[in-house]
Amino acid sequence: MATILLLGIFALAPPTAVRAFDTPDDGGSQITVDWQLSKDDAILDGYELYRSENETDFEKIGFMIGRGRNNIVDEQTQDGKKYYYKVAAVKDTVKSYSDLSAPAKSSPQWINRRKINIIVTLIFLGGIILYFIYQARKGKEFFIRKIAGLQAIDEAVGRATEMGRPILYCPGIGYIEDIATIASLNIIGEVAKKCARYNTKFINPHFDPIVYTVAREIVKESYSAVGRPDAFDPDSVYYVTDSQFAYAAAVDGIMVREKPATNFLIGWFRAESLILAETGASTGAIQIAGTDQVSQLPFFVTACDFTLIGEEIYAASAYISKNPMLLGGIKGEDSAKFIIIALLIVASLFGLLSKFPILNLFD
Amino acid sequence: MKRTLPLILVLICGVLGIIPFLIPHPIVQTTDGFFRDIVLRIIGAFALVLGLGSLLRVHYDKIKRRQNNWEYSWVLIITFIVVSIIGLFGGTQGTGPLPTRIGTFAFDIQSLYLNIEVPLGSTMFALLAFLMASAAYRAFRARSTEASLLLVAAFFVMIGILPLGDRISHQLPSFAQWIMDVPNVAGQRGIQFGVVLGMLTTALKIILGIERSWLGGGE
Amino acid sequence: MSISSDPWVWIGAFLTLAIFSFLYKDNPFYKFAEHVFVGFTNGYLVTFTWHNVLVPSLFNPLFRGQLILIIPFIIGALYFTRFIPKVSWFVRIPIGISMGYGVGANVPAFIQAYIIKQIQGTILAPQNFQAWHAGSTGIVWSAILFVGVLCVLSYFYFSREQKGILNVTSRIGIIFVMIGFGAAFGYTVMARVSLLIGRLQFLLGPWLGVIE
Amino acid sequence: MNFVDRMLKIDRRIIYLILALVITLPLLFRSPQRIRVMHPVATLFNAVDSISPNKALIVNFEFDPRDLPELEPMGLAILRHAFHKRIKVLVMSLYVQPLGLAQNALTAVINEINTEAKTNVDSLIYGRDYVFLGWQPPPLVPILGMGESIANVYKTDFYGNKTDTLPLMRYIKNYKNVGLLVSLSSSDVPKWWLEFAQNRFGLRVGAGVTSVSASEFYQYLQTGQFSGLMVGMKGAAEYEEMIESNLGIHKRRKASEALPSITYAHLAMIAFIIIGNVGYFIKRRQK
């Protein structure tokens, strides 16, 4: 007890250099107050904040602020009104007040400076993507490397033709808005053209009625594009069911009965991918799979002969369809990837060699 | 009109989705809050009921045209009606006007959920363990260097994360954790960059009206 | 061995075995159980959409005079024009609004969470070396992660033939991808097995009383 | 048909039987397992443990019956931890199917504690110590709305009470009063909390996920976006171990009981793959 009495006589050291300013990057009605800790901070109960609009009559606001903390945000201010602040160091009943802060006014900001990096990326990225799509629309030729998977597709169709056995194309259980399903529809067109040219039986069971109707048009078009409109068999593309496991069981039935030489499993898949890949492997067919569902890719890689991984189905569909929109998109994303690689290398050089806090740029 | 109005709406609402992230000003924040709380919430509720409508229509057509398995569509529709009645009039806690208890046998919506949906839902996917076992035996082959690398990494993780791994050697769990923390993160992050760039491209194309497949067929 | 006497547990057991019967072959029990499941989930949806959403957030405020809600009410009702062929294009209005806002909100969110933050986590800088609390070896892990991400990105680069340096980085990249898939494979086996264990815990426990 | 062909053509139902046996036996003859807790779960435990007294914990139940065995033990363990530490808890879901499981887990833990509680202070009272908010579609409405005002998003709670009449909701207004949100989900929902709630309102997020989508979430742990991660039944068992050894909570540990079965099932799976590959390579050399 003696020490406290002793200190009582000499009065607590007050907090110093109290500053009040409009909280940055906020929607207004907030003022931040900070100060230098009192020299007796270690034995204090804490600090109290006082506010006034005219330098004289102050009122306490908020709760006791723990010792060791040197800032607080006053969240009930009216924008445009002047406020003065002072901070009191508190120990039991003893309070020692700091000098007044300069007057401060709160105001809302239009730009949140901490989000500048998002705005820069948005403008930069949007600019690149739109530039390439605009170029593609103007008919500019783009180079995309031949995806390894497309070689595999040619060989697989060739194999089926030699053996005189059908080809099964399963587009997955996605809907028309899934990007993987759209990519699969483009690849269906390519496979159908080859089947038409080599007169190989083509089987295409569907899960979603809308995707089924779009696929039928594509396959019909492919047969006439190769000059064999008469060879198109309308029953080769058909709707099965909209229940996940029933669809997988039905496609398994085709694999076992029709014994296709090649199975294509390209599109949007979920847990039923296991059933399809397993039955196909056990019938000895060559299987080519492709999906952007990362959780299903491990099973396709181990169960199928060739797997298109994630974006490769988008690139394959762009390569095949030569559609300017798709080509523009792929080129835009490619240049964005190139920039990310360059950014990583440059930022790492800064991070390793200089003291500049490079990581704060990316908060 | 049939195409331009929706495209204008997508542009306006798209921009309204972006700016509140970047502009803290109260005008933007309150309109964003108002739009979400009033407009988006009510439209969302109707969207749920729409999904239901198309499901019932598909099964109703199935019954009318006697397609295969049409009898089971009756099972679906009857279950739906019975559960809806018990739920709507029995109340979420079984305290509604409709009595939901006969002696000790309670059939309020929560007991129905715990004793019908839980067994059905969880067993539906418990099947997969069996399917995976047969696939492991008959289909998962080290047919390429990539597949063998995949299987080796899988074996380490499958053993390393279990107490068995810890008993075999204290390093195994840390090695399995290292596989998840470093190479796996590198692989997933590399793939993720590409996927996200693809989604951003699609998002920007939809907002700016370049991507119009969502409008569906017809003029 | 105290077999349960609760009728609900027997119903649950019957439904569980009905689904498991699919393993033998697709049969009427499985089809029945599957259609009960789809019917039930939709009945449950209607119940809580009415009690937790429509009543408190739409009908109550409407009756208390918040007439502004009539506008979203009408827009939402346009969803039903989908079943009327002549005016079915009206469904594009509510879809456009909700999809527009959702896609718009995704843009800054994706940029921040999946591009900027992921780049920040990959940069070789002292703060990142402690990400795994592994002391000095953290430097080696950061280097491996850095090289891995660059190589995987190069594998998915389609604008140049995979020849020369790009061929080397792509081959390294595919190694990282395959290790990532191996990890996913291992964990997925655990997931599928856990689901089966959960059902057997129900059959052996509450139903047959074999385990506690 | 030589031995190899016959081996490869084993009827799949025999494989199903082997798996069922390999899982059932360890359930009957339980053997205690020494569980080693790794850093992802330890980080989450510390994040929950260090929630300051005047802040709440939001537990987002986002799994349906399909993932019950993996995620329900996590929910029970997190709730037991929070209530043991007298942390205020809000429970909610973004979709409708998880509601039944959230209600079931919450009432189980509340009854567990209230039966042991003697005085009014250490028992858990609805509206004072915890609130079950229920759901409000579409997901963006609660994820972003709770950053401004929780009571405005959930005008009534799950049971139909008006939320602004509940004492707890008077000082848990929005994310500023939330110390941590733990999302237990089988899909991308934990990432949505990062993308929207953490980006815009600085909310701290922890996650409990199924092991199917696990490998994708470690990158957000490495960047510090997630304040901890539980993965699958093993993650649940680790958290059960943490609350038992650190807080002395002795309750039934369903996830830990399943570990022996998982171990033998994994060994069986590895054996199937190896045997299958041996047969495959023998046949390939014969051709």
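Just so it is clear, the model here is predicted, and its values are computed rather than measured.

Asks: What exactly am I supposed to notice about the overall build of chain B here?
Replies: The helix and strand tally for chain B stands at eight helices and two strands. Starting at the N terminus, the α and β elements of chain B follow one another as α-α-α-β-β-α-α-α-α-α. Radius of gyration (C-alpha) of chain B: 26 Å, far over the 17 Å computed for a compact globule of 219 residues. Expressed as a percentage of the 219 residues in chain B, the buried residues total 63%. Intrachain contacts of chain B at a sequence separation of at least 6 include 26% that bridge at least 24 residues.

Asks: Would you take a moment to explain the interface of chain B and chain C for this structure?
Replies: When the parts of a complex come together, some accessible area is lost, and that lost area is often taken as the interface size. Each side of the interface is counted separately: chain B has 113 residues, and chain C has 105 residues. Ranked by residue count, the leading element in the side of chain B that touches chain C is helix 4 (residues 109-138) of chain B, at 23 residues. Among the residues making up the side of chain B that touches chain C, the classes are represented as 76 nonpolar, 26 polar and eleven charged.

Asks: So what exactly am I meant to see when it comes to the sheet that holds strand 5 (residues 71-74) of chain A here?
Replies: Two orientations exist for strands paired in a sheet by backbone hydrogen bonds: parallel and antiparallel. Residue and element names in this part refer to chain A. If you trace the three strands from one edge of the open sheet to the other, you get 1-2-5, paired in antiparallel fashion. Because the sheet does not close on itself, it has two edges, and the strands there are strand 1 (16-22) and strand 5. Neighbouring strand axes in the sheet, compared pairwise and without regard to direction, differ in orientation by 20° on average. Pairing of strand 2 (residues 31-36) with strand 5 involves four bridges; the strand directions are antiparallel. Bridging from a neighbouring strand, Val 33 pairs with Ile 72 of strand 5.

Asks: Is there a simple way to think about the nonpolar core in this case?
Replies: In a soluble, globular protein the nonpolar side chains are often hidden away together inside. Residues Phe 264 of chain A together with Leu 57, Phe 83, Trp 193 and Tyr 239 of chain D are the most contacted members of the largest nonpolar core, which totals 331 residues. Top contributing element to this core by residue count: helix 7 (residues 165-207) of chain C, with 20 residues. Excluding anything up to four places from it in sequence, Phe 264 of chain A contacts Ile 153, Ala 156, Val 157, Ile 167, Leu 168, Tyr 169, Cys 170, Val 191 and Ile 288 of chain A. Of all hydrophobic cores here, the second largest spans 16 residues; its members include Tyr 47, Leu 49, Ile 61 and Ala 89 of chain A.

Asks: Help me understand the sheet that holds strand 10 (residues 237-239) of chain A in this model?
Replies: Residues and elements named next belong to chain A. Taken together, six strands build an open sheet; the order of strands is 10-9-8-11-12-13 and the sheet is parallel. Of all the strands in the sheet, the pair left with one neighbour each is strand 10 and strand 13 (306-309). The average angle at which neighbouring strand axes cross in this sheet is 15°, direction not considered. Strand contacts of helix 9 (residues 311-321): strand 11 (262-268), strand 12 (286-291) and strand 13, with the helix running at about 90° to strand 13, the strand carrying the most contacts.

Asks: In this structure, what is going on with the interface of chain A and chain C? I would like to understand it.
Replies: Listed by partner, the interface residues are 43 residues for chain A and 41 residues for chain C. Summing both partners gives a buried area of about 3,900 Å² for chain A against chain C, and 73% of it is carried by carbon and sulfur. Three residues, Arg 145, Leu 344 and Leu 359 of chain A, lead the burial of chain A against chain C; their summed loss comes to 19% of the area buried on that side. Our count for the contact surface shared by chain A and chain C stands at zero salt bridges. On the surface where chain A and chain C come into contact, there are ten residue pairs in polar contact (both at pLDDT 80 or more). At the level of secondary structure, the elements contributing two or more residues to the side of chain A that touches chain C comprise helix 2 (116-137), helix 6 (244-258), helix 8 (297-303), helix 9 and helix 10 (324-353) of chain A.

Asks: Is there a simple way to think about unusual backbone geometry in this case?
Replies: Leaving glycine aside, a negative phi is the common case for residues, and trans is the common case for peptide bonds. A cis amide bond links Pro 137 of chain D to the next residue, Pro 138 of chain D, at an omega of -15°. Counting through the fold element by element, Pro 138 of chain D comes out in the loop between strand 3 (130-134) and helix 6 (140-148). Phi angles above zero are rare outside glycine, and Arg 66 of chain B is one such case at about 50°. With respect to the helices and strands, the residue Arg 66 of chain B is situated in the loop between helix 2 (26-64) and helix 3 (70-90). Taking relative accessible area as the criterion, Arg 66 of chain B reaches 52% and is therefore assigned exposed. One non-glycine residue, Arg 86 of chain D, lies in positive phi territory at about 55°.

Asks: Help me understand the domain arrangement of chain B, please; the structure alone is not making it clear to me.
Replies: All names here are of chain B. Per the domain assignment, the segments of chain B are domain 1 (12-67), domain 2 (68-130) and domain 3 (149-181). Averaged C-alpha coordinates put domain 1 and domain 2 at centres separated by 27 Å. Each side of the interface is counted separately: domain 1 has nine residues, and domain 2 has eight residues. Both sides together, the interface formed by domain 1 and domain 2 hides about 850 Å², and carbon and sulfur atoms give 77% of it. Put simply, domain 1 and domain 2 have zero salt bridges between them. Across the domain 1-domain 2 interface, the total number found is three residue pairs in polar contact (both at pLDDT 80 or more). When grouped by side-chain class, the residues that make up the side of domain 1 that touches domain 2 number five nonpolar, two polar and two charged.

Basis of the calculations
- Residues numbered from 1 in each chain as written.
- Chains lettered and ligands numbered in written order.
- Predicted model: local features only at pLDDT ≥ 70, side-chain atom pairs only at ≥ 80, totals over all residues.
- Heavy atoms only, no water.
- Helix = DSSP H or I, 4+ residues; strand = E, 2+ residues; numbered from the N terminus.
- Rg over C-alpha atoms; globule rule 2.2 N^0.38 Å.
- Buried < 20%, exposed > 50% of the residue type's maximum accessible area, 1.4 Å probe, protein only.
- Contact = heavy atoms within 4.5 Å.
- Nonpolar A, V, L, I, M, F, W, Y, C, P; charged D, E, K, R; others polar.
- Pairing = 2+ DSSP bridges.
- Axes fitted to C-alpha atoms, helices over the stretch in contact; angles between N-to-C directions.
- Core = buried A, V, L, I, M, F, W, Y, C linked by side-chain atoms within 4.5 Å.
- Buried area = accessible area lost by both parts, 1.4 Å probe.
- Salt bridge = Lys/Arg side-chain N within 4 Å of Asp/Glu carboxyl O.
- Polar contact = N/O pair within 3.5 Å; in protein donor to acceptor, adjacent residues only side chain to side chain.
- Domains from an automatic or database assignment.

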